[in-house]
Amino acid sequence: MRPATSIEGAEEWRSVAPVGVAFADARTIVPRVDDAGLRVMMSQVLEASRQLATAKVDLIVQCGAPGTFLRGPGHDEQVVAEIEKETGIPAITMMAAMMDALKAVNARKIAVGTIYSDEVNAAMTSYMEAHGFQVRAMGGLQITDPFEASLHDSDSAYRLGRQVFKEAGDADAILISCGTYRTFEMIQYLEMDTGVPVISSNQATLWRALRYLGLRDQIPNLGKLWSVA
């Protein structure tokens, strides 16, 4: 399930999906990318999950990382448990997928670029630090209207990634967070230019979903993450 404005994320997945993999979408409304707006989004998660269950999907993915990290460590697990209890279908979250991806590439010192406001970024920093990561730099585009993120292309994500990597000084990975933010076209180039793995919301979540289902496909041009198990 995705925020209703996140058309880009769904299209990124479909553009690279291995043969035999299909996606069913359910949408949640996000009034604003802030604490109140994201609470509204998360209040719709179980209804969206019930919709997806009627399609007999193999896995339910909760997209919209701030919806869980704003509640702090442990909330991802709570959301997953509620979805699985409601539907009987395994579930993962976008935020947990990004953390798993960073661990998979052995990253600890992270340069983070997001579309979010400083307030939301502060919560993300606390969440990541609680999971053992050092946030060496954090930069956001200060977007609170969820649709506005769709107006930024992958070049914007590339520039933001370069900026936070430079500010970090010694980061061993770059994380770009927002499922509405296009990143697939630029990941390989940002990795070549910086020499470190690049993790993005849609890339990490697709990787985690396929690996959860036992699919070991290698997807070209989506970064070093796809070379790990």
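Since we're looking at a predicted model, the values are computed, not measured.

Caption draft 1: Broad picture of the overall build of the protein chain. Helix and strand counts for the protein chain come out as 10 helices and 8 strands. Rg of the C-alpha trace for the protein chain: 16 Å, near the compact-globule value of 17 Å for 229 residues, within the 12% margin. For the protein chain, the spread of C-alpha atoms along the three principal axes comes to 45 × 40 × 35 Å. Across the 229 residues in the protein chain, those meeting the buried criterion constitute 54%. Partitioning the intrachain contacts of the protein chain with sequence separation of at least 6 by distance along the chain shows that 72% fall at a separation of at least 24. Of the roughly 9600 Å² of accessible surface on the protein chain, a fraction of 50% belongs to carbon and sulfur atoms.

Caption draft 2: Molecular detail of the packing of helix α6 (residues 94–104) against helix α10 (residues 201–212). One can describe the packing of α6 onto α10 by two numbers: an axis separation of 8 Å at closest approach and a directional angle of 85°. What the angle tells us is that α6 and α10 run roughly perpendicular. Contacts between α6 and α10 involve M94, A97, M98, D100, A101 and A104 on the former and, on the latter, S201, N202, A204, T205, W207 and R208. A breakdown of the residues in the contact of α6 with α10 according to their chemical character gives 7 nonpolar, 3 polar and 2 charged.

The rules behind each value
Residues numbered from 1 in each chain as written. Predicted model: local features only at pLDDT ≥ 70, side-chain atom pairs only at ≥ 80, totals over all residues. Heavy atoms only, no water. Helix = DSSP H or I, 4+ residues; strand = E, 2+ residues; numbered from the N terminus. Rg over C-alpha atoms; globule rule 2.2 N^0.38 Å. Buried < 20%, exposed > 50% of the residue type's maximum accessible area, 1.4 Å probe, protein only. Contact = heavy atoms within 4.5 Å. Areas by Shrake-Rupley, 256 points an atom, 1.4 Å probe, with all protein chains shown as cover. Axes fitted to C-alpha atoms, helices over the stretch in contact; angles between N-to-C directions. Parallel < 35°, antiparallel > 145°, perpendicular 65-115°, else oblique. Nonpolar A, V, L, I, M, F, W, Y, C, P; charged D, E, K, R; others polar.

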